[in-house]
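Observations on the model geometry
So you can see what is in the structure, the chains are spelled out below.
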Number of protein chains: 2
Amino acid sequence: MSGQVSDFVSAALGRKKLTLLIKDAALLNVFTGETYSASIGIYRDRIVYVGQDLDGLDSIKTINASGKTAIPGLIETHMHVESSMVSPSRFAEAVLPHGVTTAFADPHEIANVMGKEGVKAMVEDSVDLPLKLYYYAPTCVPESKAVTPGAELTTDDIREMLGWEGVWGLGEVMDYPAVLKGGEKMNRILQIGAKGDYVIDGHAPLLTGRELNAYISSGAEADHENFTVATTLEKLRLGMYVKLRGPYVLDAKKFADALAGIPHPYNLIFCTDDVMPDNLARLGHLDYACRAFMQAGMDPVEVVRSVTLRPAAHMRMPHLGAIAPGRVADVVLLDDLKKFSIGLVVANGVPVARDGELLVKIRKTRLDSSARDTMKLSPRRLGDFEVTPPVSEGSIYVNTVDFGGSERKDVGEAFAEMILTRLSRTKVRVTDGRIKLGDVALVFVFERHGKNGGRAFGFVRNLIREGAFATTVAHDAHNLLVVGTNTGDMMTAANLVIKSKGGLAAVRNRKTLAWIKLPIAGLMSDLSLEEVAEEMKSMRAAFREMGVLDHPYMPLPCLLALSVIPHARITDKGIFDVDNQRFVPPFAS
Amino acid sequence: MSGQVSDFVSAALGRKKLTLLIKDAALLNVFTGETYSASIGIYRDRIVYVGQDLDGLDSIKTINASGKTAIPGLIETHMHVESSMVSPSRFAEAVLPHGVTTAFADPHEIANVMGKEGVKAMVEDSVDLPLKLYYYAPTCVPESKAVTPGAELTTDDIREMLGWEGVWGLGEVMDYPAVLKGGEKMNRILQIGAKGDYVIDGHAPLLTGRELNAYISSGAEADHENFTVATTLEKLRLGMYVKLRGPYVLDAKKFADALAGIPHPYNLIFCTDDVMPDNLARLGHLDYACRAFMQAGMDPVEVVRSVTLRPAAHMRMPHLGAIAPGRVADVVLLDDLKKFSIGLVVANGVPVARDGELLVKIRKTRLDSSARDTMKLSPRRLGDFEVTPPVSEGSIYVNTVDFGGSERKDVGEAFAEMILTRLSRTKVRVTDGRIKLGDVALVFVFERHGKNGGRAFGFVRNLIREGAFATTVAHDAHNLLVVGTNTGDMMTAANLVIKSKGGLAAVRNRKTLAWIKLPIAGLMSDLSLEEVAEEMKSMRAAFREMGVLDHPYMPLPCLLALSVIPHARITDKGIFDVDNQRFVPPFAS
């Protein structure tokens, strides 16, 4: 709150000039669900008056809002800045025009690279932005013992981070097996959360019944991993804040229809999680989810509550999420409620964007040299990609991690199926000591944090058809992952990414088809969102040419090393059988 | 939370025995509004499982709940323990059988008598009760400068109290004129609230429009002073937590009908405020309000949400207010939802009451000698009640504080009209230097805290017909107030109350009709609620005989000295014109 309580009172009574007056909007009241004409009086960062008695109320600035619907600024409670590949300041620039005025981000990507210092760098880069950008303290860094991350977060680190201004709650508790087993470190972390009454974000994709109850009993109070209606309703009923992501990963119509049977579900929320830069530029951010649910026929009041009042309640920030006196002056004017077309955006009492255009200048990122020196690998040579099969001629069996084409029509089920790999045995030809690649692609993961210089390889199916793709956006440890059908292209792609200190590179026949430089922690660019979006567009075009398995939500190679997603992954330590929690060798016996 | 997170997880999974299992209830789900059959697994003070898969789940104790509706324990967010005239431990004993498992009390009555030490005594008497009894830090002690209280609370006191365990938020900000004026002390108090993100309870009986907006802008987020539908809807729309008190002070049917037009009002709550002991014993506590709104046709889900989930959200206690894993195990079984008939009550995982009978033994009060020595007056003599009119024979005009009979049919309007007095001039006869009392009664208020030994007198109409009534329950300063139609009875009544170190006494023709001894701070008895209720019944009978203006909510003489209620009051300093904030002499010029 910037100012004395008595100043706000004075402004409401007309004894002080308002700093901003939004006149004659159609106010969608999130408390009552009514819509009626009202003017919104603002003094500095707070709303002080909502009504139509403007007699004697002067304002420094007045905006005519007639014909527009006023709703509170949108609140995002589960997301990762790094996934949009830009720095926090550039991210703020990108999402404010979409009506997002508050966001809670889990910085576990940078934490896997830089640890506590990475989180601190993000927090410090987010102070004083017009976007209120808070962070969770990540709880699962690394995500498992099957990877070598750049850093680990200890329980002491977590306790320390929770004391920082701008850190608010515990980030998604991804390691649900540890929760259910009662793992010691996990128990200590949850105990910190329980004692401090912190918000604890969850992650419980496959849990149901008793296991889901047990998980919620641990204190994890929210979950964004919702693909099917049935488990989503189960979570709603058990009091979890259910966070629905956009239409990339679920069938909005199916969800809207099912939820229509539950009028005013108290704990329904929308979120974005990971938004690729090109999607953010083209389709939007949290507003995109709102549009999708509007189109799917959800009650507009429920749509708006799901991104305003309820997220504020979930995050225990009662001064956010509503257009009412005493609340933070975050207001969005919609040209059309049902189309959810964002016009003016006011954040902290200041008009920050109009019709998609930013109205304020946002400072440069403060992420400095320490965040720009996280690539510890020297250039790769061809020999680094050499694989010696057990025979030099003939056929052998290799263990492959298979991505599966989905037969399902439902978006959510299809997405879930797409990311859930299978471990299988595949016959490959060996000629002159070399494995014939093509149907089967080769994967190398190089530990790139200067920890042990380790590397491992494995084989995948249905992930790439030609050429090679290399990336440090390799969740969650973010080592250098290279997948390809020939070692030459693999080396070239790897070296591009090493040269740019992180990023993504697509190479075919030694030709660079696309290259995104992400020098900040190997995850984020220095460019604007628009610029990175253009690069991502080119990258997707390259994917199409090379037959790389892509998904609007995220290109699949970026998830290949994520050792907590069933059923098999390839990390810097080898091929990991997630279900049985053990490594398997590349060559089948 | 009593126990390790991992224990709760283990209990949910059947690896540890549940401590209590409530089997086969009809669960009213406050999140979704659905009702379905479910069993509730509890480990120590937490719910760990809600569902019907009991395979392999053992429990130390099992309760069959088939045929009963399970709802969360009721949460009371605006009330004063002192008004029920018993100590906190006896209060807990009284309300648990009514399903109230959590209460937030504003201890401003005792604070007016004993200051910070009084609050501390209440807090310490409430620790470890089976009722979770929290306190607000009172913000308006004294309520104005027109009274002499036993103690004042400074801003430093308030800051200190907020640091005590068991103190949670700022109590009702009654001095709304100071808020609107921007009074310095009030501004400092509200600033403490804003900085610390504390819950700030409000009190805004007559505010509307810009003034109401200004009041809410100050941070006061709730109001229980709701008599009419129109202002209540205005407050709901402006995002206040609107707390509806029971049917004593509002027309439940009118409210239910109006609110039916606003399905699922996000911020609707019920509360009790002041519950006289006889009403608590006869009609109930927060459950009485629930019954009334049920009868008035309100949607049962809305009724239940108004006393569970929403109060928990308002108080920022997300672990309360729902039957769901991870939540505090406060469960009420209703024999009949619509009748809201309370059967079993479980608090913190322990069955504490069944069918109105307490199942646990609650310890004695800890309120010790310091709280039992607050009556600083010596016995009164007849001369203390002597009044010398300006003439010794003939007619004179006196300024009278008039209570008005109400023509209104609406309960809320009638109550508001009843407590709002008028200041008027009344002709009285003087014979032999004595004023003829009868139509006009005499009032004396004696400062009884040992501050200045002051006293004042004035005249009232329509408050008493015969005899005299004396009380230290004289809001908020709780001085000794005596009202009567003859000085002999007044002296006798006063001396009874002085003798019992506080209380209420009704005397006619020197005969004691009723006497309630309240030795604890002059406000609370040592007896059980049932016993004080019996005494209160006798007191009301005496009121009827003597023609004392009574109301189920509170006998009107107890409000005569409350210097913030319009339009005129009589305090230890004199007759106070509330509207013009000045004293007027008893004899009109």
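So, how was this worked out
- Within each chain, residues carry numbers counting from 1 in the order of the written sequence.
- Labels follow written order: the first chain is A, the first ligand is 1, and so on.
- Since the coordinates come from a predicted model, pLDDT governs what is reported: local features require at least 70, and pairs of side-chain atoms require 80 or more to be given and counted, while whole-chain, interface and lining totals use all residues.
- Where side-chain values are given, they derive from all heavy atoms of the structure, hydrogens and water being excluded.
- Secondary structure is summarised from DSSP: a helix means a run of H or I of at least four residues, a strand means a run of E of at least two, and numbering begins at the N terminus for each.
- Each residue gets one of three labels from its accessible area relative to the maximum for its type: buried under 20%, exposed over 50%, partly exposed in between, using a 1.4 Å probe on protein chains only.
- The contact criterion used throughout is that any non-hydrogen atoms of two residues lie within 4.5 Å.
- Only the protein chains shown count as cover for residues, with accessible areas throughout obtained via the Shrake-Rupley method and a probe of 1.4 Å.
- Only four residue types enter the charge count, namely Lys and Arg as positive and Asp and Glu as negative; His and the chain termini do not.
- In this description, the location of a charge corresponds to atom NZ of lysine, CZ of arginine, CG of aspartate or CD of glutamate.
- Strand pairing is assigned whenever DSSP identifies at least 2 bridges connecting the two strands.
- Helix axes use the C-alpha atoms of the stretch in contact, all axes being lines fitted to C-alpha atoms, and the angles between their N-to-C directions lie in the range 0 to 180 degrees.
- Expected helix span is computed as 1.5 Å times (number of residues minus one).
- Here, nonpolar core means buried Ala, Val, Leu, Ile, Met, Phe, Trp, Tyr and Cys residues that are tied together by side-chain atoms lying within 4.5 Å of each other.
- By buried area we mean the combined loss of accessible area, with a 1.4 Å probe, across both parts when two parts are placed together.
- Between Lys or Arg on one side and Asp or Glu on the other, a salt bridge is scored when a side-chain nitrogen of the former is within 4 Å of a carboxyl oxygen of the latter.
- Classification used: nonpolar for Ala, Val, Leu, Ile, Met, Phe, Trp, Tyr, Cys and Pro, charged for Asp, Glu, Lys and Arg, polar for all others including Gly.
- Planes of paired rings set the category: under 30 degrees apart is stacked, over 60 is edge-to-face and the rest tilted, where pairs are Phe, Tyr or Trp rings (Trp by its six-membered ring) whose centres lie within 6.5 Å.
- Consider the ring centre and the ring normal. A charge sits over the ring if Lys NZ or Arg CZ is within 6 Å of that centre and within 35 degrees of that normal.
- The copies were overlaid by least squares, fitting only the C-alpha atoms of residues that reach a pLDDT of 70 or more in each copy.
- When the strands point away from the viewer and the connection leading from the first strand across the helix to the second strand turns clockwise, the crossover is called right-handed.
- Patch definition: residues with relative accessible area over 30% and no salt bridge; like charges joined within 9 Å; nonpolar side chains (Val, Leu, Ile, Met, Phe, Trp, Tyr) joined within 5 Å.
- For classification purposes, angles smaller than 35 degrees are called roughly parallel, those larger than 145 roughly antiparallel, those between 65 and 115 roughly perpendicular, and all remaining angles oblique.
- The handedness criterion is simple: a crossing whose near helix is rotated anticlockwise from the far helix by less than a right angle is left-handed, and one whose near helix is rotated clockwise is right-handed.
- The predictor attaches a confidence to each residue, and that confidence, scored 0 to 100, is pLDDT.

Quick notes on the overall build of chain A
- The helix and strand tally for chain A stands at 16 helices and 29 strands.
- When its C-alpha atoms are laid out on the principal axes, chain A stretches across 90 × 50 × 45 Å.
- Counting the 589 residues in chain A, one finds 68% classified as buried.
- Contacts spanning at least 24 positions in sequence make up 70% of the contacts within chain A whose residues lie at least 6 apart.
- For chain A, the accessible surface area stands at approximately 19,600 Å², while carbon and sulfur atoms represent 49% of it.
- Measuring between centres, the 67 positive side-chain charges of chain A sit 2 Å from its 71 negative side-chain charges.

Observations concerning the sheet that holds strand β27 (residues 568-571) of chain A
Residues and elements named next belong to chain A.
- Taken in spatial order, the three strands of this open sheet run β27-β28-β29, and their pairing is antiparallel. Both edges of this open sheet fall to β27 and β29 (582-584), since each of them pairs with a single strand only. Within this sheet the neighbouring strands show an average axis-to-axis angle of 40°, counted without direction.
- Where strand β28 (residues 574-577) lies against β29, three bridges are found, and the strand directions are antiparallel. Across the sheet, residue I575 finds its bridge partner in β29, namely V584.

Observations regarding helix α6 (residues 184-196) of chain B
- The end-to-end C-alpha distance of α6(B) is 19 Å, a good match for the 18 Å that 13 residues give at a rise of 1.5 Å each.
- B:M186, B:N187, B:I189, B:L190, B:Q191, B:I192 and B:G193 are the residues of α6(B) that are buried.
- Tucked inside the fold, the buried residues of α6(B) contact α1 (5-12) of chain A together with α4 (155-162), β9 (167-173), α5 (176-181) and β10 (200-202) of chain B.
- At the C-terminal side of α6(B), B:D197 shows a positive phi close to 55°.

Thoughts on the nonpolar core
- Within the largest apolar cluster, 366 residues are counted, with the highest numbers of intra-cluster contacts made by A:Y215, A:F270, A:F340, B:Y215, B:F270 and B:F340.
- When near neighbours in sequence (up to four residues on either side) are disregarded, A:F340 contacts A:I71, A:L74, A:D287, A:C290, A:R291, A:M294, A:V303, A:V304 and A:L334.

Structural notes on the interface of chain B and chain A
- At the interface, 61 residues of chain B touch 62 residues of chain A.
- The junction of chain B with chain A conceals about 5,000 Å² of combined surface from both sides, 56% of it contributed by carbon and sulfur atoms.
- A per-residue breakdown of the area chain B buries against chain A is headed by B:R210, B:R237 and B:Y266, which together make up 17% of the total.
- Between chain B and chain A we count four salt bridges in total.
- Of the charged contacts in the structure, one is a salt bridge between A:R237 and B:E34, with a shortest N-O distance of 2.6 Å.
- Of all elements in the fold, only α1 (5-13), β3 (46-51), α5, α6, α7 (209-217), α8 (229-237) and α13 (309-314) of chain B reach the threshold of two or more residues within the side of chain B that touches chain A.
- The class makeup of the residues in the side of chain B that touches chain A is 32 nonpolar, 16 polar and 13 charged.

Some details on the packing of aromatic side chains
All names here are of chain A.
- Tallied over the full model, the rule gives 33 aromatic pairs over all chains.
- Taking the centre distance of 5.0 Å and the plane angle of 90° together, the rings of F469 and F543 count as edge-to-face. Placement of the pair is F469 in strand β23 (residues 468-471) and F543 in helix α16 (residues 529-546), with a sequence separation of 74 residues. Across this residue pair, the class does not change: F469 and F543 are buried.
- Aromatic rings pair up to connect F385, F444, F446, F457, F459 and F587 into one cluster.
- Over the aromatic face of W515 sits the side chain of K517, whose NZ or CZ is 4.6 Å from the ring centroid.

With respect to the relation of the copies chain B and chain A
- Mapping chain B onto chain A leaves a residual RMSD of 0.1 Å; the transformation is a rotation of 180° accompanied by 0.0 Å of translation along its axis. Those values place the two copies in the arrangement expected of a two-fold rotation axis.

As for the pattern of salt bridges
- Here the structure, examined in full by the defined rule, presents 68 salt bridges over all chains.
- A salt bridge links A:R159 to A:D156; the nearest nitrogen and oxygen atoms lie 2.9 Å apart. On the criterion of helical spacing, the pair formed by A:R159 and A:D156 is a turn pair, its members being three residues apart in helix α4 (residues 155-162).
- What makes A:R159 partly exposed here is its relative accessible area of 47%.
- By relative accessible area, A:D156 is classed as exposed at 53%.
- The closest approach of N and O atoms between B:D223 and B:K235, which form a salt bridge, is 2.6 Å. Within this pair, whereas B:D223 is found in strand β11 (residues 222-223), its partner B:K235 is found in helix α8, the two being separated by 12 residues in sequence. Each member of the pair B:D223 and B:K235 is classed as buried.
- Salt bridges linked by common partners bring A:D125, A:D128, A:R363 and A:R366 together as one network.

Side note on the environment of A:A260
- Mapped onto the elements, A:A260 comes out in helix α9 (residues 252-260).
- With 81 residues separating them in the primary sequence, A:A260 and A:S341 have C-alpha atoms 23 Å apart.

What about the pairing of strand β12 (residues 241-244) of chain A?
Residue and element names in this part refer to chain A.
- Neither face of β12 is open: one carries Y241 and K243, the other V242 and L244, and all of them are buried.
- Here strand β11 (residues 222-223) pairs with β12 via two bridges, running parallel. Pairing of A222 across the sheet is with Y241, part of β12.
- Once the chain exits β11 it traverses helix α8 (residues 229-237) before rejoining the sheet at β12, and the crossover so formed is right-handed.
- Since β12 and strand β13 (residues 268-270) lie parallel, the crossover through α9 that links them has a hand, and here it is right-handed.

Digging into the environment of B:L527
Residue and element names in this part refer to chain B.
- Positionally, L527 belongs in the loop between β26 (511-517) and α16 (529-546).
- Of the residues examined, L527 reaches a relative accessible area of 31% and is grouped as partly exposed.
- C-alpha separation for the pair L527 and R425, spaced 102 residues apart in sequence, amounts to 43 Å.

Section: a negative patch on the surface
- Taken together, the side chains of A:D355, A:E357, A:E530 and A:E531 present a region of like negative charge at the surface.
- Within the element layout of this structure, A:E531 appears in helix α16.

What to know about the packing of α1(A) against α7(B)
- Put simply, α1(A) and α7(B) touch, their axes get as near as 8 Å, and they point 165° apart. With respect to each other, α1(A) and α7(B) are oriented roughly antiparallel. The two elements α1(A) and α7(B) meet at a crossing, and its hand is right-handed. Together, A:F8, A:V9 and A:A12 of α1(A) and B:R210, B:N213, B:A214 and B:S217 of α7(B) make up the contact between the two elements.
- Looking at the contact of α1(A) with α7(B) residue by residue, the class counts come to four nonpolar, two polar and one charged.

Describing a positive patch on the surface
Residue and element names in this part refer to chain A.
- A cluster of like positive charges, contributed by K145, K181, K185 and K573, occupies part of the molecular surface.
- Assignment of secondary structure puts K573 in the loop between β27 and β28.
- On the basis of relative accessibility, which here comes to 42%, the residue K573 falls in the partly exposed class.

Digging into the confidence of the model for chain A
- Averaged over all residues, the pLDDT of chain A is 96; the fraction at 70 or higher stands at 99%.
- Reported for the predicted complex are a pTM of 0.96 and an ipTM of 0.95.

Focus: the sheet that holds strand β29 (residues 582-584) of chain B
All names here are of chain B.
- On the basis of which strands lie adjacent, the open sheet formed by three strands has the order β27-β28-β29 and antiparallel pairing. The strands lining the two open edges of the sheet, one partner per strand, are β27 (568-571) and β29. Taken pair by pair, the neighbouring strands of this sheet meet at an average axis angle of 40°, ignoring direction.

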